[in-house]
Amino acid sequence: MVRFYNTLTKKKEDFYPIEDKIVKMYTCGPTVYDFAHIGNFRAYVFEDLLHRFLEYIGYKVIRVMNITDVDDKTIKGAKKEGISLKEYTDRYIKYFLEDINTLRLKKPDFMPRATEHIKEMVELIKKLLNKGYAYYKDGSIYFSISKFSSYGKLSGIDLSNVKIGASVDADEYEKEDVRDFVLWKKAKEEEGVYWDTEIGKGRPGWHIECSAMSMKYLGETFDIHTGGVDNIFPHHENEIAQSESATGKKFVNYWLHCAHLLVNGEKMSKSKGNFYTLRDLLNKNYNPVAIRYLLLSTHYRDPLNFTEQSLRQAENTVRNYNEFYKGLNICASEKYNQMIKQEIEKAKKGFIKELSDDLNISSSLSSIFNFIKTVNIFFSKGEFGKENVKEVKEFMEDIDRVLCIIERKEEFLPEEILDLIKEREKARKDRDFEKADKIREFLKQKKIILEDTPYGTRWKKLD
Ligand code: AMP
Ligand code: ZN
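Residues numbered from 1 in each chain as written. Chains lettered and ligands numbered in written order. Predicted model: local features only at pLDDT ≥ 70, side-chain atom pairs only at ≥ 80, totals over all residues. Heavy atoms only, no water.

## So, the overall build of the protein chain
Assigned secondary structure in the protein chain consists of 14 helices and 17 strands. Its C-alpha radius of gyration of 24 Å places the protein chain within 12% of the 23 Å reference for a compact globule of 463 residues. A principal-axis box enclosing the C-alpha atoms of the protein chain has dimensions of 80 × 50 × 45 Å. Relative to its full complement of 463 residues, the protein chain shows a buried share of 53%. Across the protein chain, contacts joining residues at least 24 apart in sequence account for 74% of those joining residues at least 6 apart. Just so you have it, the protein chain exposes about 21,800 Å², and 49% of that area is on carbon and sulfur atoms. Averaging the locations of the 78 positively and 76 negatively charged side chains of the protein chain gives two centres separated by 2 Å. (Helix = DSSP H or I, 4+ residues; strand = E, 2+ residues; numbered from the N terminus. Rg over C-alpha atoms; globule rule 2.2 N^0.38 Å. Buried < 20%, exposed > 50% of the residue type's maximum accessible area, 1.4 Å probe, protein only. Contact = heavy atoms within 4.5 Å. Areas by Shrake-Rupley, 256 points an atom, 1.4 Å probe, with all protein chains shown as cover. Lys, Arg positive; Asp, Glu negative; His and termini not counted. Charge placed at Lys NZ, Arg CZ, Asp CG, Glu CD.)

Pasting the structure below:
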């Protein structure tokens, strides 16, 4: 049984998805006004671990990560450079996609852009107006938190001092500032970014974007919603209020939040200026796989203090791990060692058991490192057969579907090639084998070899 700590109930709970074997999951994605920093990537790496682990234990995961490409920050950035909002945000979307590739993050099934879902947002706001949960003030539309009786249930905020009808226009504000929040911002001439809609000329507030896009792709009630702890209030609290008021149904069953990446005890953030982008670290020649490992290897609900020293340690660990993996071909004898099979079974059980307990990555990694130690002892004694080599390699490749820390030269493919592979998988599912074969041939000419496995299509690059 898988268990997760649910921010909504404040306890660990057994995980039951709504549909058997299918998990519908929403991740608050980046605001594309700049490069994401590695604090942001701590959240995305935690979500990647969750996604990959659920798939590993047999769930089909349908995952959405939105892209916030219209808000105060993106508008300001585009204006400063004197280019269109689209040109500006396209640039940072491209960088973001490159970064998630570098960190080996699984691309979510849907990455909807806010600007392409204005219609859905307007519909949702109309519902809230009709049901009396929203009101106009000076051309903008606000959500009346006093109308939603369970406002505060996620974050546990104190509502006793809230002045009814006091409103806030900014998308981000503090707990002390709890007020009616903006759903639709009246168009401002100086911004020049607005949509002319049934509810007026304007643009959406940040919170409504996520409610509209999550429900469009995952339905009115879905399984998991994730983010960093800073998202709990006001963003996720407001998402719940908007969505549940509009549908009358529970919005999300399990809320999972990761603790912050810290620098000297403070949250890494743009505003504090204490951040590293992924590219800052790559420019310093750090190994991206070690950055992934560092962000992955601390339990997601424990704060993680970032230092370059800890990154160097992560580099050592990743190097040793890969040396072990690559070295598996040597020292093999003909004699099969039955004990190794048992060790693999034990390690795999430990790996799954620990991750099933609210993604206890540290303990699951310990079980793998203990396994490596034991195997190394057999190695040094020469009690390691060729068949053992194969099964240990297979085991490490198997768990690498979750960890993704094995370094293979052929690991990265450009976005358009990955899309082609997906297209071929779809063609195979639709029994369009002619198209599937054509794509296979095309890729072969580019020296990319495909292998269809029960887990999906794998690829290999020929040198
Ligand atoms: P933003 O672009 O600020 O909306 O952040 C994108 C994601 O990164 C959200 O899920 C945030 O909760 C998360 N995040 C931002 N800063 C940090 C940090 N220092 N540590 C962990 N997660 C963070
Ligand atoms: Zn969101």
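## Concerning helix H5 (residues 206-218)
Over its 13 residues, H5 extends 19 Å from the first C-alpha to the last, a length consistent with the 18 Å expected when each residue adds 1.5 Å. Of all the 13 residues making up H5, eleven are buried; the element is thus mostly covered by neighbouring parts of the structure. Within the span of H5, buried status applies to Trp206, His207, Ile208, Glu209, Cys210, Ser211, Ala212, Met213, Ser214, Met215 and Leu218. A positive phi of about 100 degrees marks glycine 219, the residue just after H5. (Expected span 1.5 Å × (residues − 1).)

## Digging into the site of ligand 1
Taken together, the neighbourhood of ligand 1 is formed by 15 residues, with Gly228, Asp230, Asn231, Leu261 and Met268 sitting nearest. A distance of 3.2 Å separates an oxygen atom of ligand 1 from a polar atom in the side chain of asparagine 40. Between ligand 1 and asparagine 231 there is a distance of 3.0 Å, counted from an oxygen atom to a side-chain nitrogen or oxygen. Put simply, the parts of the chain that give the shell around ligand 1 at least two residues each are helix H1 (38-56) and strand E11 (222-228). For the shell around ligand 1, the element with the most residues is H1, which contributes four residues. Among the residues making up the shell around ligand 1, the classes are represented as five nonpolar, eight polar and two charged. (Near = heavy atom within 4 Å. Polar contact = N/O pair within 3.5 Å; in protein donor to acceptor, adjacent residues only side chain to side chain. Nonpolar A, V, L, I, M, F, W, Y, C, P; charged D, E, K, R; others polar.)

## Side note on the coordination of the zinc ion (ligand 2)
For the zinc ion (ligand 2), the full set of protein donor atoms is Cys28 (SG), Cys210 (SG) and His235 (NE2), and the range of their distances to it is 2.0 to 2.2 Å. Read in sequence order, the donor residues for the zinc ion (ligand 2) give the motif C-x181-C-x24-H. Taken together, the residues span a long stretch of sequence, with cysteine 28 in the loop between strand E3 (22-27) and H1 and histidine 235 in helix H6 (residues 232-247) at a distance of 207 residues. Residue classification places cysteine 28 among the buried positions, given a relative accessible area of 8%. A relative accessible area of 1% means that histidine 235 is categorised as buried. (Donors = N, O, S within 2.8 Å, 3.2 Å for Na, K, Ca; no water.)

## Some points on the sheet that holds strand E15 (residues 304-305)
What the three strands build is an open sheet, ordered E14-E13-E15; its pairing is mixed. Of all the strands in the sheet, the pair left with one neighbour each is strand E14 (266-267) and E15. Pairing of strand E13 (residues 261-263) with E14 involves two bridges; the strand directions are antiparallel. Considered in E14, the bridge of valine 263 is made with glutamate 266. (Pairing = 2+ DSSP bridges.)

## Here's the deal with the environment of leucine 418
Along the chain, the position of leucine 418 falls in helix H13 (residues 415-429). Leucine 418 sits in the partly exposed class, given a relative accessible area of 26%. For the pair leucine 418 and tryptophan 459, spaced 41 residues apart in sequence, the C-alpha to C-alpha distance is 9.7 Å. In this structure leucine 418 touches Asn101, Leu413 and Trp459, once residues within four positions along its chain are discounted.

## Looking at the pairing of E3
Burial within E3 is extensive, with five of its six residues counted as buried. Bridge analysis of E3 against strand E4 (residues 60-65) gives six bridges, and the strand direction is parallel. Opposite tyrosine 26, over in E4, you have valine 64 as the bridge partner. Pairing analysis gives three bridges linking E3 to E11, with the strands arranged parallel. The residue of E11 that forms the bridge with methionine 25 is isoleucine 224.

## Focus on the state of the cysteines
Disulfide: a covalent bond connecting the sulfur atoms of a pair of cysteines. The full count for this structure, using the stated rule, is zero disulfides. Looking at cysteine 404, it has no disulfide partner, and the nearest cysteine sulfur is the one in cysteine 258, 18 Å off. (Disulfide = S-S within 2.5 Å.)

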